Amino acid sequence: MIDSTELAGVRVLEPPPRPGAIQSVYIHAPFCTRRCFYCDFAVKVSPPDCAAWLKALAGELSALEQEGTFLLDRTLETLYIGGGTPSLLGANAMTGVRNLIGDERLGHFDLEWTAEANPENFTKEVATGWRFAGVNRLSLGIQSFHAPALRWMGRLHGPDGARLAVDVARAAGFENLSVDLIFGLPAHLEREWERDLDETLLLEPDHISLYGLTAEAATPLGRAVAEGREDLPGEAGYEQEYLSAVARLAEAGYEAYEVSNFALPGFQSRHNSVYWSGEPYIGLGNGAHSYRHPVRRWNSRDWDAYRTRAAGAGLPLEDSEELDATKVRLERIWLGLRTRRGIALQGLPSSARDRMRRWEEKGLAVANENVARLTPKGWLVMDRLTVELDSELG
Ligand code: SF4
C-alpha cells in the first residue's frame, strides 16, 4: 500500500515503512593518522583506504539483506558516520556512502545525516564534497583550545585549526554544527577549562558534547596512570569542571538534554536520541553495534578481520546477546536517567517513589507528579542511582 499526501498541489508518494525494518544507521570509519593517548575506539592507524572501506560496507549490507533480521528501511531518518576519523577519507567519501545506501533511502525530507570530522583534515574540499553528498550535520572533534593539552592528547590540530574548521564548515553551509570537548585533564597541563568553554561559545556551535577523560586500561594513558606516570584529577576536580560547564552552557542558552550533550533549541541529536530511547538501529563497520529489542549484536572490532569477512559478503559479527527482562529493566532505567526524559512515575511501587524523593532531598533529582529527572549533580552519580532504583523494582 502506498500512502499519499497532498502538499501544495503536489502529490507526494511515500512508501510505508517495511515491517521490522530500521530507520537509523551508524557507519564506522576506522582510520586514524595516529592513536590519541586516551583512545580505546576501534581504530586502524594507517593511511585511509576509502575503496576498501566502501567495498566492505557493501558486502556487509548484502549479508544483512540475505540474513533478513536487521534490515534497513526504504527511507532512513538518521545516518551517522563516526570514527576513527571520517574526514581522513576525503571529499568524495560521503558520495561513496550515498551510492552505497542509495538515493531513495536518503531521500527523507527530514533526514539527519551527521559525519564526524577532525579539524586537521576538514578542508574546504571535504566540507563542500560532504555537503554536496547530503551531510547536513557536522560533529567536530575540537577537544580543547589549549595547545599543550592538545599535544598531550596526541591531537594533530592546534587551537587555530579548530577555529578554521568551524569557519570552513559554516562557509560550506553546515547549519547544524556540534563540537566535542574533553574535561578532567591532568592538572600539570594547566589547561583552563573556563577559558576553553568561552572559546567554544565564541564559535557559536549549535550543539556541544562534553566528555570526561577516563583512563581505560588498554590505552597508553591507562598504562601511564597504572604506573604512576600520570594522575587524573580526583572526583572533586571532575565534578567542579562538569558542574561549571553545565551552568555556563545553560547561561548561554544550551539545554542539557542528556548527561554529556547540550543543544540550542531544535538542535538535539536525533540519531543519538534513538540510542537513548531504546529504538532500533543498525551499525555497519568494524566494532559497530546493532540493536533491535531484545537482541544486541556487534561486529568484529579489528578492521582487518571485519574487512575480510564483510568484503566476502559474510556477516562480520563478533557476538550477540539477547536482553532478558532484568537487563531490559536496568537499561531502560539507565537510559531514562541519563536524559531529560527522566523516569515516568506512574505504576512505580511506593518504595521506588520514596527512593526518588530521597534523591530530590539531596539535590540529585527533581520530580513532579508524573516524572523524575536527574539534576546535573545526579548525573555525576548516575550509575549508582540506576542500581539503587533497579533494586527497588527487582
Ligand atoms: S582521532 Fe578520535 S578515534 Fe582517532 S585516535 Fe584520536 S580519539 Fe581515537
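Just so it is clear, the model here is predicted, and its values are computed rather than measured.

So, how was this worked out
- Every chain is numbered on its own, with residues counted from 1 as its sequence reads.
- The model is predicted, so local features are restricted to residues of pLDDT at least 70 and side-chain atom pairs to those at 80 or more, both for listing and for counting; the totals for chains, interfaces and linings are taken over all residues.
- Remark: hydrogens and water are excluded; side-chain values derive from all non-hydrogen atoms of the structure.
- Segments assigned H or I by DSSP are reported as helices when at least four residues long, segments assigned E as strands when at least two residues long, and all are numbered from the N terminus.
- Between the first and last residue of a helix there are one fewer steps than residues, each counted as 1.5 Å, and that sum is the expected span.
- The criterion used for residue contact is that any of the two residues' heavy atoms lie within 4.5 Å.
- For every element, the axis is a line fit to its C-alpha atoms; helices are fit only across the contacting stretch, and the angle between N-to-C directions ranges from 0 to 180 degrees.
- Throughout this description, any angle smaller than 35 degrees is read as roughly parallel, any larger than 145 degrees as roughly antiparallel, any in the 65 to 115 degree range as roughly perpendicular, and the remainder as oblique.
- The hand of a helix crossing depends on one turn: near helix anticlockwise from the far one by less than a right angle means left-handed, and clockwise means right-handed.
- By the convention adopted, Pro, Cys, Tyr, Trp, Phe, Met, Ile, Leu, Val and Ala count as nonpolar, Lys, Arg, Asp and Glu as charged, and the other residues, Gly among them, as polar.
- Side-chain atoms within 4.5 Å link the members of a nonpolar core, which is a set of buried Ala, Val, Leu, Ile, Met, Phe, Trp, Tyr and Cys residues.
- To sort residues, take the accessible area from a 1.4 Å probe on protein chains only and compare it with the maximum for the residue type: under 20% means buried, over 50% means exposed, and anything in between is partly exposed.
- When a carboxyl oxygen of Asp or Glu lies within 4 Å of a side-chain nitrogen of Lys or Arg, that pair is called a salt bridge.
- Between the rings of Phe, Tyr and Trp (Trp by its six-membered ring), a pair exists once the centres lie within 6.5 Å; its type follows the angle of the planes, with under 30 degrees stacked, over 60 edge-to-face, and the other angles tilted.
- We call a charge positioned over a ring when the NZ of a Lys or the CZ of an Arg lies within 6 Å of the ring centre and within 35 degrees of the ring normal.
- Each residue is tested against the molecule or strand, and it is near if at least one of its non-hydrogen atoms lies within 4 Å.
- Strands were regarded as paired on the criterion that DSSP finds at least two bridges between them.

Engineer: Which residues make up helix α12 (residues 350–361), and what values go with them?
Structural biologist: Here α12 spans 16 Å end to end across 12 residues, near enough to the 16 Å set by a 1.5 Å rise per residue. Buried residues belonging to α12 abut α11 (325–338), β17 (343–344), β18 (365–367), β19 (371–374) and α14 (382–393). Note on α12: the residue one or two positions beyond its end, G363, has a positive phi of about 80°.

Engineer: Explain the packing of helix α1 (residues 50–67) against helix α2 (residues 93–101) residue by residue, including any values.
Structural biologist: Direction vectors running N to C along α1 and α2 enclose 20°, while the axes themselves pass 10 Å from each other. What the angle tells us is that α1 and α2 run roughly parallel. Between α1 and α2 lies a crossing of right-handed hand. Residues C50, W53, L54, L57, A58 and L61 of α1 form the contact with α2, whose own contacting residues are A93, G96, V97, L100 and I101. Looking at side-chain class alone, the contact of α1 with α2 contains 10 nonpolar, 1 polar and no charged residues.

Engineer: Any details on the nonpolar core? Residues and values, ideally.
Structural biologist: In terms of nonpolar packing, the biggest core is built from 86 residues, with I27, W53, M94, V97, W113, F122 and W130 touching the most fellow members. With near-sequence residues (within four places) excluded, W113 lies in contact with L79, I81, M94, V97, R98, L106, A133, G134, V135, N136 and R137. Judged by nonpolar contacts, the second largest core, of 13 residues, contains C32, C36, A149 and W152.

Engineer: I'd like a description of the pattern of salt bridges, backed by residues and values.
Structural biologist: Applying the stated criterion across every chain yields a total of 22 salt bridges. Across the pair R357 and D354 runs a salt bridge, and its minimum N-O distance is 2.8 Å. On the criterion of helical spacing, the pair formed by R357 and D354 is a turn pair, its members being 3 residues apart in helix α12. If you follow the salt bridges from partner to partner, you end up with R296, E321, K327 and E331 in one network.

Engineer: Break down the packing of aromatic side chains for me, citing the residues and quoting the values.
Structural biologist: One pass over the full model with this rule turns up 12 aromatic pairs. Among the aromatic residues, those joined into a cluster by ring pairs are F183, W193, Y238 and Y242. For the cation-ring pair, R292 lies above F70, with the distance from its terminal atom to the ring centre recorded as 5.7 Å. The lysine or arginine in question, R338, covers the ring of W334, its NZ or CZ lying 4.5 Å from the ring centre.

Engineer: Go over the site of the ligand with me, naming the residues and quoting the values.
Structural biologist: Near the ligand, the surroundings consist of C32, R34, R35, C36, Y38, C39, F41, V43, G84, T85, N118 and R155. Taken together, the residues of the shell around the ligand sort by class into 6 nonpolar, 3 polar and 3 charged.

Engineer: Residues and numbers for the sheet that holds β18, please.
Structural biologist: Within the open sheet, the 3 strands sit side by side as β17-β19-β18. Their pairing is antiparallel. Every interior strand has two partners, whereas the edge strands, β17 and β18, have only one. The strands touched by α12 are β17, β18 and β19; relative to β18, the strand with the most contacts, the crossing angle is about 120°.

Engineer: Go over α1 with me, naming the residues and quoting the values.
Structural biologist: For α1, which comprises 18 residues, the first-to-last C-alpha distance of 26 Å matches the rise-based estimate of 26 Å (1.5 Å per residue) to within 8%. By the burial criterion, the buried members of α1 are A52, W53, L54, A56, L57, G59, E60, L61, A63 and L64. Among the residues trailing α1, G68 stands out with phi positive, at a value near 85°.

Engineer: Let's hear about the side chain of T200: which residues, and what values?
Structural biologist: Residue position: T200 is located in helix α6 (residues 193–202). For T200, a relative accessible area of 2% puts it in the buried group. Contact partners of T200, with chain neighbours within four places excluded, come to F145, V179, L181, P205 and I208.

Engineer: Give me the lowdown on the pairing of strand β3 (residues 24–29), citing residues and values where you can.
Structural biologist: Of all 6 residues in β3, 6 are buried; the element is thus mostly enclosed. Side chains S24, Y26 and H28 project from β3 onto one buried face, and the interleaved V25, I27 and A29 project onto a second face that is buried too. As defined by bridge partners, β3 adjoins strand β6 (residues 78–83) across 6 bridges and the pair is classed as parallel. Pairing of H28 across the sheet is with G82, part of β6. Of the pairings in the sheet, the one linking β3 to strand β13 (residues 282–284) comprises 3 bridges and is parallel in character. Looking at β13, one finds that V25 is bridged to I282.

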